[in-house]
Amino acid sequence: MSLWQKDKAFLFVLSVCASLAGVISIFIFFFLAKESVPAMAGIGLSQFVMDETWFASENQYNVLPLLWGSVLVSVGAVAFATPLGILSGLFCHFYAPSAIAGFYRSMVHLLAGIPSVIFGFWGLVSLVPLVARIHPPGPSLLAGVIVLGIMILPTIMVILDDAIANLSRLYLNSTVALGVSKWGALKGLILPNLRKQVGVSILLGLARSIGETMAILMVCGNVVRFPTSVFNPIRTLTANIALEMPFAMNVHRSALFFTGLIMMVLVAILMSTAQTRTSRQA
Amino acid sequence: MDITRNSLHLPKDAPPVTIPCCIKTTNLSLFYGKKAAFRDISLNLDRNSVTVIMGPSGCGKSSFLSALNRLSDFIPCCEVEGSIHLDGESLLEGSIDRTVLHKRVGMIFQKPNPFPMSIRKNITFPLREHGITSKRELEARLVQVLVDVGLWDEVKDRLDTSALTLSGGQQQRLCIARALALEPEILLMDEPCSALDPISSGKVEELILKLQARYTLVVVTHNLSQARRIATHAALFWVKDDCGCLVECGPADQVFGSPREELTAAYVKGMKG
Ligand SMILES: Nc1ncnc2c1ncn2[C@@H]1O[C@H](COP(=O)(O)OP(=O)(O)OP(=O)(O)O)[C@@H](O)[C@H]1O
Ligand SMILES: [Mg+2]
């Protein structure tokens, strides 16, 4: 076989693998869509937003409280984790001695490897009682926000850490040589140029938290309602599917698939926005 | 020549002191961990001179410059021994005011590295950091330094576009302008032309000759003919026993015309290095 032929064979293998990945996600999408058809036909789209609440045994299928729960807990988690990620990135690069920075980084990487059920477990036994002491009942939007925030922190930190490392490698020497203070360089140069990566990490963090199920299920209380305070329990789209799928039948089952479809579309939008943003800056 | 200026050690509001000027290193050595980058370099840099530092790759030229403005402090495990005096004041002993040091001793890097911000801000950002906030003063300095480096006509209509849209040669001149805006006395240039095309390189060279009247310049270069054109003084570094050292230094006429060392003679004839 000539080199050229080997090249072609390799290209073929690569294309098959790549298209396989693409085909699988399209396949899942169509599967979800197909399974949701009975719900869309039987219940009708209007009921999904007009019903009083989501209560399957009384044929109530309003997805809005669930959707709202998902959105609130994710936005809260990102709002919690992003400033933390920015600050810890800056701390690691500009103020921490390298040994401490290294230790901190490896801890954050470890955090990324902890399974979500462990987070849920920790939330359930330590965080929820703590929240209950401030304001009962305990399982709540707030608990979900904190647990999710800690879970997505590694994602956000790794992206920002990388970006800060890049910027300081390129420009730190020059700012020092110009007599610009550390704080001046941070404020005037590093932070303003971090904006794009912060945007990307927010999008990825959102995508990750919208899909999170197990930990949320364990700490959020799972009451279907529009929360009026951070201490109210909430139920998310994901938790709802996990809770009801085991016994759901017929239209109810199909309605759950429909909520899955909504989530997949949401995540796809977030991911593709993040993707175009990263590629545009490259 | 006597000149008044801010002291490195005294508090900022102390009255400026009057002292004769120059940089003087005595037995200066620099180590990266255990390995010496250069050893025992004693060199005088006179005011309003252009001292060209030549020598093969890895002989410690860049390291020498980084010691002169104490950028070496930011490299992990880097130790400097010996002494450096800036106008009679020790740079290595006691605590120094970095802001004053970096204001007085500017540095230009081999690779042009303008900040990712507008051309205007590249000049004004460091100035603001040094406490200059008056709009009029900032604008005056901006125009002044851009005229000085011959960039004004090329960029006066696009001051608010990103500096990254400039060509490599323009970027390097912007970096020089950025350093000049702080009104330094000494400008260290580490191979300022090596990333540039011949025409841009020529422009920077002209600029160096023009700056000589007002500044003390130290220029590292690998380009022998350029060294001959710009130098008033020259120094040749070499690697001996895996460590940089000073072979010869002196007025340019002497180093290029009648070198004392054989090594220098061979190097300036282009036969070695
Ligand atoms: N950050 C560093 N850590 C460890 N060793 C270093 C570091 N920077 C430079 N060195 C070493 O110090 C020696 C001198 O390096 P330096 O960069 O000063 O040489 P140079 O004369 O500027 O060379 P060139 O002409 O290639 O720029 C080299 O042996 C180099 O490997
Ligand atoms: Mg060098």
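These numbers come from a predicted model, not from an experiment. (Residues numbered from 1 in each chain as written. Chains lettered and ligands numbered in written order. Predicted model: local features only at pLDDT ≥ 70, side-chain atom pairs only at ≥ 80, totals over all residues. Heavy atoms only, no water.)

Draft legend 1. The overall build of chain B, seen in detail. Assigned secondary structure in chain B consists of 10 helices and 12 strands. Its C-alpha atoms give chain B principal-axis dimensions of about 55 × 45 × 40 Å. For chain B, the proportion of its 273 residues judged to be buried stands at 54%. Residue pairs in contact within chain B that sit at least 24 positions apart in sequence constitute 66% of those at least 6 positions apart. Surface exposure of chain B reaches about 12,000 Å², of which carbon and sulfur atoms provide 51%. Computing the positive centroid from 32 side-chain charges and the negative centroid from 32, chain B places the two 4 Å apart. (Helix = DSSP H or I, 4+ residues; strand = E, 2+ residues; numbered from the N terminus. Buried < 20%, exposed > 50% of the residue type's maximum accessible area, 1.4 Å probe, protein only. Contact = heavy atoms within 4.5 Å. Areas by Shrake-Rupley, 256 points an atom, 1.4 Å probe, with all protein chains shown as cover. Lys, Arg positive; Asp, Glu negative; His and termini not counted. Charge placed at Lys NZ, Arg CZ, Asp CG, Glu CD.)

Draft legend 2. Fine view of the pairing of strand E8 (residues 105-108) of chain B. Residues and elements named next belong to chain B. Side chains Val105 and Met107 of E8 all project onto a buried face; the interleaved residues Gly106 and Ile108 project onto the opposite face, where all are buried too. Where E8 and strand E9 (residues 186-190) come together, four bridges link them in parallel fashion. Within the sheet, the bridge partner assigned to Val105 lies in E9 and is Ile186. (Pairing = 2+ DSSP bridges.)

Draft legend 3. Structural detail: the pairing of strand E6 (residues 78-86) of chain B. All names here are of chain B. Pairing between strand E3 (residues 22-32) and E6: eight bridges, direction antiparallel. If you follow Phe31 over to E6, its bridge partner there is Glu79. Note that E6 and strand E7 (residues 89-90) share two bridges and pair antiparallel. In the sheet register, Leu86 faces E7, and the bridge partner there is Glu89.

Draft legend 4. Helix H3 (residues 119-129) of chain B, seen in detail. Every buried residue of H3 of chain B is listed here: Ile119, Asn122, Ile123, Thr124, Phe125, Pro126 and Leu127 of chain B. Each element contacted by the buried residues of H3 of chain B is listed here: helix H7 (182-190) of chain A together with helix H4 (135-148), helix H5 (152-155) and helix H6 (168-180) of chain B. One or two positions beyond H3 of chain B, positive phi appears at Gly131 of chain B, with a value near 90°.

Draft legend 5. Quick peek at the interface of chain B and chain A. Chain B puts 21 residues into the contact, and the matching count from chain A is 16 residues. Of the roughly 1,500 Å² buried between chain B and chain A, counting both surfaces, carbon and sulfur atoms make up 69%. For the chain B face of the interface with chain A, the top three residues by lost area are Phe115, Pro116 and Glu129 of chain B, together amounting to 31%. Seen at the junction of chain B and chain A, the total is zero salt bridges. Our count for the chain B to chain A interface comes out at two residue pairs in polar contact (both at pLDDT 80 or more). Elements represented by at least two residues in the side of chain B that touches chain A include exactly helix H2 (98-104), E8, H3 and H6 of chain B. (Buried area = accessible area lost by both parts, 1.4 Å probe. Salt bridge = Lys/Arg side-chain N within 4 Å of Asp/Glu carboxyl O. Polar contact = N/O pair within 3.5 Å; in protein donor to acceptor, adjacent residues only side chain to side chain.)

Draft legend 6. Structural context of empty space enclosed by the protein. Going through the model one piece at a time under the given rule, you end up with two cavities of 30 Å³ or more. Counted as a void, the largest cavity has a volume near 60 Å³. Lining the largest cavity, in full, are Ser174, Ala177 and Leu178 of chain A together with Met107, Ile108, Phe109, Asn113, Cys175, Arg178 and Ala179 of chain B. Among the secondary structure elements, those contributing two or more residues to the lining of the largest cavity are helix H6 (141-177) of chain A together with E8 and H6 of chain B. When residues of the lining of the largest cavity are assigned to their parent elements, the largest contribution, three residues, is made by H6 of chain B. In terms of residue class, the lining of the largest cavity is built from seven nonpolar, two polar and one charged. (1 Å grid on protein atoms, 1.4 Å probe; cavity = no way out; pocket = protein on both sides within 12 Å on 5 of 7 lines; lining within 4 Å. Points joined across faces, edges and corners; volume = space filled by probe spheres on them. Nonpolar A, V, L, I, M, F, W, Y, C, P; charged D, E, K, R; others polar.)

Draft legend 7. A look at helix H1 (residues 3-42) of chain A. All names here are of chain A. Along its 40 residues, H1 runs 59 Å from first to last C-alpha, staying within 8% of the 58 Å computed at 1.5 Å per residue. Maximal helix bending in H1 amounts to about 35°, located at Ser36; proline Pro38 follows within four positions. Along H1, the residues that are buried comprise Leu32, Glu35, Ser36 and Ala39. Looking one or two residues past H1, Gly44 carries a phi angle of roughly 90°, positive in sign. (Expected span 1.5 Å × (residues − 1). Bend = angle between axes of the 7 residues up to and from the residue.)

Draft legend 8. Representation of the packing of H6 of chain B against helix H7 (residues 198-211) of chain B within the structure. Residue and element names in this part refer to chain B. It is at 9 Å that the axes of H6 and H7 come closest, and there the two elements cross at 20°. Comparing the axis directions of H6 and H7 gives the class roughly parallel. When the axes of H6 and H7 are compared, the crossing they make is right-handed. Counted together, Gly169, Arg173, Ile176 and Leu180 of H6 and Ser200, Lys203, Val204, Leu207 and Leu211 of H7 form the full contact between these two elements. Partitioned by chemical class, the residues of the contact of H6 with H7 number five nonpolar, two polar and two charged. (Axes fitted to C-alpha atoms, helices over the stretch in contact; angles between N-to-C directions. Parallel < 35°, antiparallel > 145°, perpendicular 65-115°, else oblique. Left-handed = near helix turned anticlockwise from the far one by under 90°.)

Draft legend 9. Region of interest: the site of ligand 1. Residue and element names in this part refer to chain B. Close to ligand 1 lie 13 residues, the nearest being Ser57, Lys61, Ser62, Ser63 and His222. Lys61 places a side-chain nitrogen or oxygen 2.7 Å from an oxygen atom of ligand 1. In this structure, Ser62 approaches ligand 1 through a side-chain N or O atom, which is 2.6 Å from an oxygen atom. Coverage of ligand 1 by the protein amounts to 62% of the 630 Å² it exposes when considered alone. Mapped onto the shell around ligand 1, the elements with two or more residues apiece are strand E4 (35-46) and helix H1 (61-68). Broken down by element, the residue count for the shell around ligand 1 peaks at three residues, all from H1. Its residues assigned to classes, the shell around ligand 1 comprises four nonpolar, six polar and three charged. (Near = heavy atom within 4 Å.)

Functional significance is not addressed by these values, which are geometric in nature.
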